[in-house]
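Observations on the model geometry
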Amino acid sequence: MKKTWWKILASVLVVYTAIAGLLLGVPRLAILNETIRNLYFHVPMWFAMIVLFSISVFYSIKSLSTKSEIDDIKAVESVNAGIIFGLLGLVTGAIWAKYTWGQFWSFDPKQNFAAISVLLYFAYLILRNAIDEEQKRAKISAIYNIFAFPMMVVLLFVLPRLKDSLHPGNGGNPGFNSYDLDSRMRMVFYPACLGWILIGYWVYTIRFRIRSIENKQQHN
């Protein structure tokens, strides 16, 4: 029970936010209307991705000093899990854009930079697969990952704010504040963020265990 409490919590939070997110009232705002409910899914996906990429860069830094295969596996599997949530973030964002901006992809700066951020980590996986020698692969991919993380932060949080954007919080367009994100929405949004982050971490731990078993079988 001690090892599974957070998995139970993650499941309860996600189920709660899915139900409450669809049933509880939301602010009646122009353009957004009912689509504002996507906030409970779209934004938490990005938070989960960022947390998983943070875990990845931590183990990449650690693996350079320990040269541990376990640390290297943890780094790559957290990236694999993070990419899943990055793609979900792009998909939920595109669906939201269709119903508010009129098209799935309008080449808005936030959309473009978010897509580039995910591609950075696809490049990380491609780089790993291009190197056969185990120690060399671990070292080079770890160095790449260490540089990719701050680039991802700049692409998501810095560059979009320098350009005009339809996306809330960028280019002078205010983000969700007390007027938009009222107390009803906070009761769903914050649990949603925590729930999806825990689900993301759960996916990462499953992938890590599977990869560890595969490696043991290969070495035996």
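Source: prediction; values computed, not measured.

So, the UniProt feature "transmembrane region" (unreviewed entry) in the chain
UniProt marks residues 12–31, 43–61, 82–101, 113–131, 143–162 and 188–206 with the feature "transmembrane region" (unreviewed entry), using the numbering shown here. With 100% helix and 0% strand, residues 188–206 has end C-alpha atoms that lie 27 Å from one another.

Some remarks on the packing of aromatic side chains
When we look at a pair of aromatic rings, we describe it by the centre distance and by the angle of the planes. Applying the stated rule across the entire model yields seven aromatic pairs. Measuring from centroid to centroid gives 5.6 Å for Phe 189 and Tyr 190, while their planes differ by 55 degrees, and the two rings are tilted. Over the face of the ring belonging to Phe 208 we find Lys 74, whose NZ or CZ atom lies 5.5 Å from the ring centre.

Digging into the environment of Ala 30
Of note, Ala 30 is situated in the loop between helix H1 (5–23) and helix H2 (39–66). Judged by its relative accessible area of 67%, Ala 30 falls in the exposed class. Sequence-wise, Ala 30 and Thr 100 are 70 residues apart; in three dimensions their C-alpha atoms are separated by 9.6 Å.

As for H2
The terminal C-alpha atoms of H2 lie 40 Å apart, and with 28 residues this matches the ideal 40 Å at 1.5 Å per residue to within 8%. Following H2 by one or two positions, Lys 67 adopts a phi angle in the positive range, close to 55 degrees.

A few points about the packing of helix H3 (residues 69–100) against helix H4 (residues 109–130)
It is the contact of H3 with H4, at a shortest axis distance of 10 Å, that shows an interaxial angle of 150 degrees. Between H3 and H4, the angle falls in the class roughly antiparallel. Judged by the twist between their axes, the crossing of H3 over H4 is left-handed. Between H3 and H4, the residues in contact are Asp 72, Ala 75, Val 76, Val 79, Asn 80, Ile 83, Gly 86, Leu 87, Leu 90, Ala 94 and Ala 97 and Gln 111, Ala 114, Ala 115, Val 118, Tyr 121, Phe 122, Tyr 124, Leu 125 and Arg 128, respectively. Its residues assigned to classes, the contact of H3 with H4 shows 15 nonpolar, three polar and two charged.

Points about the packing of H2 against H3
Helix-helix packing is described using two parameters, namely the angle between the two axes and the distance between the axes. The geometry of H2 relative to H3 is characterised by a closest axis approach of 7 Å and an angle of 160 degrees between their N-to-C directions. Relative to H3, H2 is oriented roughly antiparallel. For the element pair H2 and H3, the recorded crossing hand is left-handed. Across the contact of H2 with H3, the residue classes break down as 17 nonpolar, 11 polar and four charged.

Thoughts on the UniProt feature "domain: Cytochrome c assembly protein" (unreviewed entry) in the chain
Cross-referencing UniProt, the feature "domain: Cytochrome c assembly protein" (unreviewed entry) maps to residues 10–159 in the present numbering. Between the C-alpha atoms that bound residues 10–159 there is a distance of 32 Å. The span itself is 81% helix and 0% strand.

Structural notes on the pattern of salt bridges
A side chain of one charge can pair with a side chain of the opposite charge when the charged atoms of the two come close. Taken as a whole and assessed by the stated rule, the structure comprises five salt bridges. In this structure, Glu 77 engages Arg 211 in a salt bridge whose closest nitrogen and oxygen atoms are separated by 2.7 Å. Taken together, the residues span a long stretch of sequence, with Glu 77 in helix H3 and Arg 211 in helix H6 (residues 183–219) at a distance of 134 residues. Of the residues examined, Glu 77 reaches a relative accessible area of 3% and is grouped as buried.

Topic: the environment of Ala 115
Mapped onto the secondary structure, Ala 115 falls in helix H4. Separated by 29 residues in the primary sequence, Ala 115 and Gly 86 have C-alpha atoms spaced 8.5 Å apart. Once residues within four sequence positions are removed from consideration, Ala 115 is found in contact with Leu 90 and Trp 105.

How each quantity is defined
Within each chain, residue numbers correspond to sequence positions counted from 1 in written order. Local features in this predicted model are restricted to residues whose pLDDT is 70 or higher, and side-chain atom pairs enter the listing and the counts only when it is 80 or higher, whereas totals over whole chains, interfaces and linings include all residues. Only hydrogens and water are set aside when side-chain values are computed; all heavy atoms of the structure are taken into account. UniProt positions are given in the numbering used here, feature names are shortened, and annotations may be inferred rather than shown by experiment. Under the DSSP-based scheme used, a helix requires at least four consecutive residues in state H or I and a strand at least two consecutive residues in state E, with every element numbered from the N terminus. Note on aromatic contacts: the rings of Phe and Tyr and the six-membered ring of Trp form a pair at centre separations within 6.5 Å, being stacked when their planes are under 30 degrees apart, edge-to-face when over 60 apart, and tilted otherwise. Charge-over-ring placement is defined geometrically: NZ (Lys) or CZ (Arg) within 6 Å of the ring centre, and within 35 degrees of the ring normal. For every residue, the accessible area obtained with a 1.4 Å probe (protein chains only) is divided by the maximum for its type, and the residue is called buried under 20%, exposed over 50%, and partly exposed between those limits. The span one expects for a helix is its residue count, reduced by one, times 1.5 Å. Axes here mean lines fitted to C-alpha atoms, for a helix over just the part in contact, with angles spanning 0 to 180 degrees between N-to-C directions. Throughout this description, any angle smaller than 35 degrees is read as roughly parallel, any larger than 145 degrees as roughly antiparallel, any in the 65 to 115 degree range as roughly perpendicular, and the remainder as oblique. Put simply, a crossing is left-handed when the front helix is turned counterclockwise from the back one by less than a right angle, and right-handed when it is turned clockwise. We call two residues in contact when some of their heavy atoms are within 4.5 Å. Residues are grouped as follows: Ala, Val, Leu, Ile, Met, Phe, Trp, Tyr, Cys and Pro are nonpolar; Asp, Glu, Lys and Arg are charged; every other residue, Gly included, is polar. Only one rule defines a salt bridge in this text: a Lys or Arg side-chain nitrogen within 4 Å of an Asp or Glu carboxyl oxygen.

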